[in-house]
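Fold and contact review
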Amino acid sequence: MYINAMGCYVPSERISNSYFEKINGLTDEWITQRTGISTRSRAASNENVDSMGLDAIDDALTSLPYDIKEVDLIVSASYCVYDSVATLAHKAQRKYGIERAKAVYASSACSSFINGLEIIEGYFAMGKASKALLICSEQNSYYANETDPKSGHLWGDAAVAFFISKEKIADSDIEIKNVFTEGLGQIGKGPDGVRLRPKEDGITMPDGRDVFIHACRYMIYALRNSLENAGMKIDDISNIICHQANKRIVAQVAHQLEKPMDFFLNNIEELGNTGSASAPLVLTQKKNDFTNGEKIALTVFGGGYSCGCFIVEFPKK
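The following refers to the structure shown. (Residues numbered from 1 in each chain as written. Predicted model: local features only at pLDDT ≥ 70, side-chain atom pairs only at ≥ 80, totals over all residues. Heavy atoms only, no water.)

Our focus in this paragraph is the overall build of the protein chain. Looking only at helices and strands, the protein chain has nine helices and 13 strands in total. If you line up the protein chain on its principal axes, its C-alpha atoms span 50 × 45 × 35 Å. Across the 317 residues that make up the protein chain, the buried fraction comes to 58%. Partitioning the contacts of the protein chain with sequence separation of at least 6, the portion at a separation of at least 24 is 78%. For the protein chain, the computed accessible surface area is about 13100 Å², with 45% contributed by carbon and sulfur atoms. Here the protein chain holds 33 positive side-chain charges and 40 negative ones, and the gap between their average locations is 2 Å. (Helix = DSSP H or I, 4+ residues; strand = E, 2+ residues; numbered from the N terminus. Buried < 20%, exposed > 50% of the residue type's maximum accessible area, 1.4 Å probe, protein only. Contact = heavy atoms within 4.5 Å. Areas by Shrake-Rupley, 256 points an atom, 1.4 Å probe, with all protein chains shown as cover. Lys, Arg positive; Asp, Glu negative; His and termini not counted. Charge placed at Lys NZ, Arg CZ, Asp CG, Glu CD.)

See below:
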């Protein structure tokens, strides 16, 4: 598979750590030391999951080498939804007039984007699609319980959109070398580690320690499986992007892999935890930094639990 174009949308508003001291008593120093977050992105009152996703598509369209109407599969993959019936996939289909395309919604917590990639890979393998649009938009602020001292201060909002083809379209295409995912509902606290119950208490993380332990372990597990499947070693990788949940998790992964922190690309300091959009968002923001065949691994862990990794190779110039 190949990435033909990618785009993103990040709301302009930033919420500082000092905001939470007034709400739940957590200081700027406490939050920074334990999460690495200084500010987080916040959708405006006139923005939502769908509008951010459509803005990300518009951003990707500026470099798309074919007409969007050639897309024959649209996958919206995230855990935040504005409407679970009229999904973002269907909104995109209508806005851009993408006739006769399949439109589906998929969710697997913070590995949703990578699971979306694997769904596309399956459609391609079955010969049921050849060009796909993958949209991932997370409006955590729509659900977040800011008074929750365990996780209310973590969340940011953002969206990404990737156009993906079965075959190479242009010299600028980025090759996807491997996609790996695995459900982990049977381990640790599993489905109760992180949950989103809109009618009850929004996004909560009842046991952050359990999440931390398994996130460190299974992001490495997913990375090693994806590397092995691609016939690669970690030394073949130029950089790693982890799910942007907590910078201490990234530091622990770096320690276990015996890699320096600058080997890992992050945006959590400014944007907070932007959910399943977070890792592909970092890739999109940094895409112009990779110019000579660099290989980047994106590895994630999601509540529920789940994990995933995909590896991309940028074209040589």
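The omega angle of the peptide bond from Gly-304 to Tyr-305 is -10°, so this bond is cis rather than trans. Phi is positive for Ala-109, close to 55°, though the residue is something other than glycine. Positionally, Ala-109 belongs in the loop between strand S5 (102-106) and helix H5 (112-125).

Now for helix H7 (residues 247-257). Every buried residue of H7 is accounted for by Ile-249, Val-250, Val-253, Ala-254 and Leu-257. The arc that holds the buried residues of H7, viewed along the axis, is 140°, so those residues lie on one side. Looking at the buried positions of H7, the neighbouring elements they touch are helix H6 (208-229) and strand S11 (239-242). A distance of 2.7 Å separates the backbone nitrogen of Arg-248 from a side-chain oxygen at the start of H7, and that oxygen is part of Asn-246. The first or second residue beyond H7 is Glu-258, which carries a positive phi of 60°. (Arc of directions from axis to C-beta. Polar contact = N/O pair within 3.5 Å; in protein donor to acceptor, adjacent residues only side chain to side chain.)

Before going further, it helps to examine the side chain of Thr-87. Considering the arrangement of structural elements, one finds Thr-87 in the loop between strand S4 (73-77) and helix H4 (88-96). Look at Thr-87 and you get buried, because its relative accessible area is 5%. At 2.7 Å, the side chain of Thr-87 and the side chain of His-90 are in polar contact.

What follows is about the side chain of Glu-313. In this structure, Glu-313 sits in strand S13 (residues 306-313). Among the polar contacts listed, one links the side chain of Glu-313 to the side chain of Lys-177, at a separation of 3.2 Å.

Overall, the coordinates contain 12 salt bridges when judged by the stated rule. Arg-100 is the salt-bridge partner of Glu-99, the closest N and O atoms lying 3.5 Å from each other. For the pair shown, Glu-99 and Arg-100 are each scored as exposed. One salt bridge connects Lys-259 with Asp-235, and the closest N-O pair in it is separated by 3.3 Å. (Salt bridge = Lys/Arg side-chain N within 4 Å of Asp/Glu carboxyl O.)

This next bit is on helix H9 (residues 278-286). For H9, a buried count of seven out of nine residues is recorded, marking the element as mostly surrounded by other parts of the structure. Taken residue by residue, H9 has Ser-278, Ala-279, Pro-280, Leu-281, Val-282, Leu-283 and Thr-284 as its buried positions.

Turning our eyes to something else, we now look at the packing of aromatic side chains. Here the structure, examined in full by the defined rule, presents 10 aromatic pairs. Ring plane angle 70° and centroid distance 6.0 Å describe the contact between Phe-180 and Tyr-221, whose orientation is recorded as edge-to-face. One end of the pair, Phe-180, is in strand S8 (residues 174-183); the other, Tyr-221, is in helix H6, with 41 residues separating them in the sequence. With a relative accessible area of 29%, Tyr-221 lands in the partly exposed category. Ring geometry for Phe-263 against Phe-264: centres 5.9 Å apart, planes inclined by 75°, an arrangement best described as edge-to-face. Judged by its relative accessible area of 11%, Phe-263 is buried. Chaining the aromatic ring pairs together yields one cluster made of Tyr-82, Tyr-142 and Tyr-143. Over the ring of Tyr-66 we find Lys-131; its NZ or CZ atom is 5.3 Å from the centre of that ring. (Phe/Tyr/Trp six-rings, centres within 6.5 Å; stacked < 30°, edge-to-face > 60°. Lys NZ or Arg CZ within 6 Å of the ring centre and 35° of its normal.)

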